[in-house]
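Descriptive structure summary
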Amino acid sequence: MQMIKTDTYKELSCLAADEIRELVNRKRDCVLGLATGSTPIGMYEQLAALYRDGCIDFSAVTSVNLDEYRGLSPAHPQSYRFFMNHHLFEHINIDMHNTYVPLGEDTNAERVCADYDRLIAQCGPIDLQVLGIGHDGHIGFNEPDDHFTPGTHCVTLNPVTIRANRRFFASESEVPTQAYTMGIRPILQAGKVLLLASGKEKAGILKKALTGPITPLVPASILQLHPHLVVIGDAEALSEFGR
Ligand code: PGA
């Protein structure tokens, strides 16, 4: 595991964007595993700026996102498809047909999950998977459980997660209670995993995930087994790791 501590969120975002730029410039038709949430927003801004400056070409890139709320249409402003279009895809030259997010509006969980697993298998292994970490240690929406789930599945969100996501909705009752998420297998099979964390409130869970026992009760702890894990965190998020 490589751990990079940055002074600021801006620096974290630039370093993360550089990882993607380096990959895309080396392998034009790479597969990016992308994440939503507050943490990667700065990285997406940076990628859009790199594209504007002619430093990166996404025309042959494929992206697969980690997760989507079950029951939200792509047009819903809080859907993760909307998030990705708004924060990244509309600002770069990726072919929209090569961008994938689980189909939240289809409530047939069995179909959505099987289709997404098929899609991931067809795209080939993910070259670089970007991850944030939830307050409860989730990655994607792989919530704490008594087992790790390898494939795409439908999850009932943890109350902690619903509370954390409440800030994006008018009220807590509007936060969807279920989501589709990529399972652990494609994350572990990714060529490289980039785990991003910012802020004091992530310090405890990050320390637990990266140095504690590997357990499905802390889903991010499985990343300890990944042969090419890069953690980029700001000083607050990495404050429990010492200097
Ligand atoms: P955040 O979410 O980036 O909004 O903190 C991280 C996550 O839940 O994976």
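Let me sum up the structure you'll find in this document. (Residues numbered from 1 in each chain as written. Predicted model: local features only at pLDDT ≥ 70, side-chain atom pairs only at ≥ 80, totals over all residues. Heavy atoms only, no water.)

1. A few points about the nonpolar core
Defined as follows: Residues enter a nonpolar core if they are buried and are Ala, Val, Leu, Ile, Met, Phe, Trp, Tyr or Cys, with the set joined through side-chain atoms within 4.5 Å. Residue exposure (1.4 Å probe, protein chains only): buried if accessible area is under 20% of the type maximum, exposed if over 50%, otherwise partly exposed. Only heavy atoms enter the contact rule, under which two residues are in contact if any of them lie within 4.5 Å.
Among the nonpolar cores identified, the biggest contains 58 residues, and I20, L32, M43, L47, F58, L195 and L223 are the most heavily contacted of them. When neighbours within four sequence positions are excluded, M43 is seen to be in contact with S13, A16, A17, I20, V130 and L196. Membership of the second largest hydrophobic core comes to eleven residues, among which are Y69, F141, I162 and A179.

2. So, helix 7 (residues 203–211)
The test is simple: Each helix is a run of H or I in the DSSP string that is no shorter than four residues. Each strand is a run of E no shorter than two, and both are numbered from the N terminus. Along the arc lie the directions from the helix axis toward the C-beta atoms.
Along helix 7, the residues classified as buried are A203, I205, L206, A209 and L210. In a view along the axis of helix 7, the buried residues occupy a sector of 165°, so they form one face of it. As for helix 7, its buried residues are in contact with strand 1 (2–6), strand 9 (192–197) and strand 10 (229–234).

3. With respect to the pattern of salt bridges
Side chains bearing opposite charge may pair, as long as their charged atoms lie close to each other. Our working definition: Only one rule defines a salt bridge in this text: a Lys or Arg side-chain nitrogen within 4 Å of an Asp or Glu carboxyl oxygen.
The tally for this structure, following the rule as stated, stands at seven salt bridges. A salt bridge links K192 to E19; its shortest N-O distance comes to 2.6 Å. Of the two residues, K192 is situated in strand 9 and E19 in helix 1 (residues 9–26); the sequence distance between them amounts to 173 residues. Accessibility classification places K192 together with E19 in one group, the buried group. Taking the shortest distance from any N to any O, the salt bridge between R28 and D57 comes out at 3.4 Å. With R28 in the loop between helix 1 and strand 2 (31–34) and D57 in the loop between helix 2 (41–52) and strand 3 (62–65), this residue pair connects regions lying 29 residues apart in the sequence.

4. Some words on the environment of S79
This is how it is decided: For this analysis, a polar contact is any N or O atom pair within 3.5 Å, provided that within protein one partner can donate a hydrogen and the other can accept it, and provided that sequence-adjacent residues contribute only side-chain to side-chain pairs.
Note that S79 resides in the loop between strand 4 (67–69) and helix 3 (80–87). Distance in space between the C-alpha atoms of S79 and G54 is 29 Å, their sequence separation being 25 residues. Apart from residues lying up to four places away in sequence, S79 is in contact with E68, L72, S73 and P74. Side-chain polar atoms of S79 contact the backbone nitrogen of F82, separated by 3.1 Å.

5. Observations concerning the sheet that holds strand 4
As a reminder of what qualifies: Two strands make a pair as long as DSSP finds a minimum of two bridges between them. Between the N-to-C directions of two axes lies an angle of 0 to 180 degrees, each axis being a line fitted to C-alpha atoms and, for a helix, fitted only over the stretch in contact.
Strand order in the open sheet formed by three strands is 4-8-7, and the pairing between neighbours is antiparallel. Both edges of this open sheet fall to strand 4 and strand 7 (153–156), since each of them pairs with a single strand only. On average, each strand axis in the sheet is tilted by 25° relative to the strand beside it, whichever way the strands run. In this sheet, strand 8 (residues 178–181) lies alongside strand 4 in antiparallel orientation, the contact comprising three bridges. Bridge assignment links Y69 to a residue of strand 8, and that residue is A179.

6. Re the packing of aromatic side chains
Note the following rule: Two rings belonging to Phe, Tyr or Trp (six-membered ring only in the last case) form a pair when the distance between their centres is within 6.5 Å. Interplanar angles under 30 degrees mark stacking, angles over 60 mark edge-to-face geometry, and anything in between is tilted.
Scanning all chains against the criterion turns up five aromatic pairs. Each ring, one from Y44 and one from F83, has its centre 6.5 Å from the other, and the planes form 75°; the classification is edge-to-face. You can see Y44 sitting in helix 2 and its partner F83 sitting in helix 3, a full 39 residues away along the chain. Each member of the pair, Y44 together with F83, is buried. Judged by centre distance (6.0 Å) and plane angle (20°), the ring pair of Y80 and F141 falls under stacked.

7. Points about the pairing of strand 6 (residues 128–131)
Residues L128 and V130 point to one face of strand 6 and Q129 and L131 to the other, with burial holding for every one of them. Bridge analysis of strand 2 against strand 6 gives two bridges, and the strand direction is parallel. Its bridge partner being in strand 6, G33 is matched across the sheet by Q129. The pairing of strand 6 with strand 9 spans four bridges and is classified as parallel.

8. With respect to the site of the ligand
Note the following rule: Residues are counted as near a molecule or strand when any one of their heavy atoms sits within 4 Å of it. Here the Shrake-Rupley method, with its probe set to 1.4 Å, supplies the accessible areas, and only the displayed protein chains count as covering residues. Computed over the protein atoms alone on a 1 Å grid, cavities are sets of points where a 1.4 Å probe fits but cannot get out and pockets are open sets with protein on both sides within 12 Å along at least five of seven lines; a residue lines them when it has an atom within 4 Å of a point. Cavity and pocket membership follows a simple rule, namely that a molecule belongs there if more than half of its atoms are within 2 Å of the grid points.
As a structural note, the neighbourhood of the ligand is formed by G37, S38, T39, G132, I133, G134, H138, R167 and K202. Take S38: an N or O atom from its main chain is 2.9 Å from an oxygen atom of the ligand. Contact distances for the ligand include 2.6 Å between an oxygen atom and a side-chain N or O atom of H138. Protein burial of the ligand: of its 280 Å² of free accessible surface, 82% is covered by the chains. More than half of the atoms belonging to the ligand lie within 2 Å of the grid points that define the largest pocket.

9. Brief notes about the pairing of strand 10
The cut-off we apply is this: A clockwise course of the path from the first strand over the helix to the second, judged with the strands pointing away from the viewer, identifies a crossover as right-handed.
Of all the six residues making up strand 10, six are buried; the element is thus mostly covered by neighbouring parts of the structure. Here strand 10 shows two buried faces, one formed by L229, V231 and G233 and the other by V230, I232 and D234. Where strand 1 lies against strand 10, five bridges are found, and the strand directions are parallel. Opposite Q2, over in strand 10, you have V230 as the bridge partner. Bridging between strand 9 and strand 10 involves five bridges; their strand directions are parallel. Across the sheet, L194 pairs through a bridge with V230, a residue of strand 10. In this view, the connection linking strand 9 to its parallel neighbour strand 10 by way of helix 7 has right-handed handedness.

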